[in-house]
Amino acid sequence: MEDYFSNPNEFSDVKISLKTCQMTFYANKAILSEASPIIKTFLAIQPSSTLFIDEDDNQQSRITSNDIVNLLKFIYPQFHIKLSEENSKNTNDFYLLFD
């Protein structure tokens with residue numbers, strides 16, 4: 001499943017770059033925008049094809065590649081995952097990126 005976001009596909013039109021581990025994830029702006037009005041606003045303000053999650057900010061340094069994959073799997077309808085205490089412990093940190 002993680003490979004789904006690690007490699008671009010024909011519908012990938014945005015990259016999420018996590019500098020703390022030098023990883024890039026590929027996603028679709030329409031799916032991300034439908035999932036969150038915060039992400040939709042952010043994508044409208046920053047229309048580039050890459051969202052950078054930088055390690056310079058203390059809040060952002062707590063975000064891991066697993067956090068991003070778990071969030072993307074929650075957003076994408078084909079993955080059917082449920083949030084648990086384990087896979088959502090950094091959810092608040094992730095939302096701070098778009099605040």
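Remember, it's a predicted structure, so these values are computed and weren't measured experimentally. (Residues numbered from 1 in each chain as written. Predicted model: local features only at pLDDT ≥ 70, side-chain atom pairs only at ≥ 80, totals over all residues. Heavy atoms only, no water.)

**Some thoughts on the side chain of D67**
Then, number 1: By the secondary structure assignment, D67 is in helix α4 (residues 65-75).
Then, number 2: At a separation of 2.9 Å, a polar atom in the side chain of D67 contacts the main-chain amide nitrogen of T64. (Helix = DSSP H or I, 4+ residues; strand = E, 2+ residues; numbered from the N terminus. Polar contact = N/O pair within 3.5 Å; in protein donor to acceptor, adjacent residues only side chain to side chain.)

**So, the sheet that holds strand β2 (residues 23-27)**
The pairing of strands in a sheet comes from backbone hydrogen bonds and takes either a parallel or an antiparallel form.
Then, number 1: Taken in spatial order, the 3 strands make up an open sheet running β2-β1-β3, and their pairing is mixed. Edge positions in the open sheet fall to β2 and β3 (50-53), since each of these has one partner strand only. This sheet shows a mean twist of 20° between the axes of neighbouring strands, independent of strand direction.
Then, number 2: Where strand β1 (residues 14-18) meets β3, 4 bridges bridge the pair, whose relative direction is parallel. (Pairing = 2+ DSSP bridges. Axes fitted to C-alpha atoms, helices over the stretch in contact; angles between N-to-C directions.)

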